[in-house]
Amino acid sequence: MSTQDSMSVVRQFIERAWIGKEVDAALDFYAPDFIYHNPAMKGMPPGLDGIRALLAGFHAAFPDADYRIDALVGEGEMVGVLYSWRGTNRGPLGPMPATLRTATAAGAIFCRVVDGRIVEQWDIDDRLGVMQQLGLLPAA
């Protein structure tokens, strides 16, 4: 599979699952036993159930989120995405109730794509900044 093909897989996933809010798009793009690396998500279920729960939780918490791809790069099996989003917290965020405040954030996702499926993913995001914007943590 070419680097361009791998980049296309990741772009299509983000366009459908994050921008288009299709939680079940994960079934079309992830390997069933993919590995998710994000220390902030230690309690997340493994595999497809975990990524679907992550998507559903984000979309419930920020139903009006405007999610954008700011850059997409690839080399071999690895694809990197810089993204940004803005949304209003209208639903619970984990155990915390909705704040009705707006937050903006940016982050990066790195995916390893094999045979047209995402088999491994790493995320880096600004959870602290989002919590501060929502009034759930004091500003620095």
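Residues numbered from 1 in each chain as written. Predicted model: local features only at pLDDT ≥ 70, side-chain atom pairs only at ≥ 80, totals over all residues. Heavy atoms only, no water.

Novice: Give a description of the pairing of strand 3 (residues 78-88) that names residues and reports values.
Specialist: Strand 3 sits mainly inside the fold: eight of its eleven residues count as buried. Looking at chain direction, strand 2 (residues 66-75) and strand 3 are connected through nine bridges and run antiparallel. Bridge pairing links Leu-72 to Val-81 in strand 3. The turn joining strand 2 and strand 3, which pair antiparallel and follow one another in sequence, is formed by two residues; a positive phi near 60° is taken by Gly-76. Here strand 3 pairs with strand 4 (residues 102-114) via eleven bridges, running antiparallel. Directly across from Val-81, in strand 4, lies its bridge partner Ile-109. (Buried < 20%, exposed > 50% of the residue type's maximum accessible area, 1.4 Å probe, protein only. Helix = DSSP H or I, 4+ residues; strand = E, 2+ residues; numbered from the N terminus. Pairing = 2+ DSSP bridges.)

Novice: Report on the environment of Ala-71, specifying residues and quantitative values.
Specialist: Note on placement: Ala-71 falls in strand 2. What makes Ala-71 partly exposed here is its relative accessible area of 28%. For the pair Ala-71 and Pro-39, spaced 32 residues apart in the sequence, the C-alpha separation amounts to 23 Å. Leave out the neighbours within four places in its chain, and Ala-71 touches Gly-80, Val-81 and Leu-82. (Contact = heavy atoms within 4.5 Å.)

Novice: Before we move on, could you go through the sheet that holds strand 2 and cite the residues and values that matter?
Specialist: Strands sit in the order 1-5-4-3-2 across an open sheet of five strands; the sheet is mixed. In the strand order of this sheet, the two ends are held by strand 1 (30-37) and strand 2, each with one partner. In this sheet, neighbouring strand axes are inclined to one another by 20° on average, regardless of whether the strands run parallel or antiparallel. Helix 1 (residues 3-19) contacts strand 1, strand 2, strand 3, strand 4 and strand 5 (117-125) of the sheet and is inclined by roughly 165° relative to strand 2. (Axes fitted to C-alpha atoms, helices over the stretch in contact; angles between N-to-C directions.)

Novice: Describe the side chain of Asn-38, naming the residues involved and giving the relevant values.
Specialist: Residue position: Asn-38 is located in the loop between strand 1 and helix 3 (47-61). Judged by relative accessible area, Asn-38 falls into the buried class, the value being 11%. Among the polar contacts made by the side chain of Asn-38, one reaches the side chain of Tyr-36 at a distance of 3.5 Å. For Asn-38, the residues in contact, after removing those within four places along its chain, are Asp-123, Asp-125 and Arg-127. (Polar contact = N/O pair within 3.5 Å; in protein donor to acceptor, adjacent residues only side chain to side chain.)

Novice: So what about the nonpolar core? Which residues, and what values?
Specialist: The biggest cluster of nonpolar side chains holds 38 residues, and the ones touching the most others in it are Val-10, Phe-13, Trp-18, Tyr-30, Phe-62, Trp-85 and Ile-118. Per-element tally for this core: the top contributor is helix 1, with seven residues. When residues no more than four places from it in sequence are discounted, the contact partners of Phe-62 are Trp-85, Gly-87, Thr-88, Asn-89, Leu-93, Ala-103, Val-130 and Leu-134. (Core = buried A, V, L, I, M, F, W, Y, C linked by side-chain atoms within 4.5 Å.)

Novice: Break down a nonpolar patch on the surface for me, with residues and values.
Specialist: Among the surface-exposed residues, Met-78, Phe-110 and Ile-124 lie close enough to one another that they form a single nonpolar patch of about 260 Å² accessible area. Locating Ile-124 in the fold gives a position in strand 5. Since its relative accessible area comes to 53%, Ile-124 is described here as exposed. (Patch = residues over 30% accessible without salt bridge, like charges linked within 9 Å, V, L, I, M, F, W, Y side chains within 5 Å. Areas by Shrake-Rupley, 256 points an atom, 1.4 Å probe, with all protein chains shown as cover. Salt bridge = Lys/Arg side-chain N within 4 Å of Asp/Glu carboxyl O.)

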